[in-house]
Amino acid sequence: MSIERDLREQMSTLCASLYQRGFSVGTAGNVSARLPDGILMTPTNATLGGIDPDKISKLDLNGEHVSGDRPTKEVFLHQAFYDTRPEAGAVVHLHSTWATALSCLEDTDPDDCVPPLTPYVVMRVGRVKLVPYVKPGDPKSGDLIRDLNGAYGAVLLANHGPVVSGKDLFSAGCAAEELEETAKLLVALRGQKTRLLSNADVMDLKATFGNM
Ligand SMILES: O=C(O)[C@@H](O)C(=O)COP(=O)(O)O
Ligand SMILES: [Zn+2]
């Protein structure tokens, strides 16, 4: 099977899995994957529950739409991740409930939306930045991601939802799920005295496991 065919099948399977398990509802969210000659993106207004591998949008290396249905309106967001994070092979954007709740709470720390509660969120997601609100599909979302210079593999779009990159579709999907579950814990623990991992613990995890 060609690399492109394989990625198309993988994208469809990941999207369906995220949808079936409630990480995406309706037509919310979008997913992309990097190819040697461009980027595959889920089409706009498509439910992640039913992505046809043959209708996935393909953009060339200049960002031109070359085949498939019209791409997600968040094309700028996805491109900015690939342009600033050479190691990124896939990007997942969701409106998953708890991460979106964190993106709406006034006292979420914009420089560290997801503090180090458990080892796994440190290992899979890392530090998460809050990106100021712009309306969905606004090209400014790409500028805001570019301004981060590739320093964050995951962000929360204020009052909108999470965007997570990974070295491949599997990693990006796992990281998006881990972010969602940790956001749920963080909201559940609000108002309670909570012990976070220490800086030394975080450094130790990074030294042991690196960026996964
Ligand atoms: O929130 C939005 O409108 C988009 O970010 C989104 O999640 C779905 O848009 P399309 O991918 O264009 O369907
Ligand atoms: Zn969205």
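Residues numbered from 1 in each chain as written. Chains lettered and ligands numbered in written order. Predicted model: local features only at pLDDT ≥ 70, side-chain atom pairs only at ≥ 80, totals over all residues.

> Would you mind going over the sheet that holds strand β5 (residues 90-93) with me for this structure?
Neighbouring strands of a sheet are bound in pairs by backbone hydrogen bonds; such pairs are parallel or else antiparallel. The strand order across the open sheet built from eight strands is β4-β3-β2-β1-β5-β8-β7-β6, with neighbouring strands paired in mixed fashion. The open sheet terminates on both sides in strands that have one partner only, identified here as β4 (65-67) and β6 (128-131). Put simply, the sheet's adjacent strands are angled 25° from each other on average, direction ignored. Where strand β2 (residues 38-41) lies against strand β3 (residues 57-59), three bridges are found, and the strand directions are antiparallel. (Pairing = 2+ DSSP bridges. Helix = DSSP H or I, 4+ residues; strand = E, 2+ residues; numbered from the N terminus. Axes fitted to C-alpha atoms, helices over the stretch in contact; angles between N-to-C directions.)

> How should I be thinking about unusual backbone geometry in this particular structure?
Trans peptide bonds make up most of the peptide bonds, and negative phi angles are found at most residues other than glycine. With a phi close to 60°, Asn45 is a non-glycine residue in the positive phi region. Position of Asn45 among the secondary structure elements: in the loop between β2 and β3. Accessibility expressed as a C-beta count within 10 Å gives 11 for Asn45, which makes it exposed. Although it is not a glycine, Asn159 sits at a positive phi angle of roughly 55°. Position of Asn159 relative to the elements: it lies in the loop between β7 (154-157) and β8 (161-166). Residue class for Asn159 comes out exposed when judged on the 12 C-beta atoms lying within 10 Å of it. (Buried ≥ 20, exposed ≤ 12 C-beta atoms within 10 Å, placed from the backbone.)

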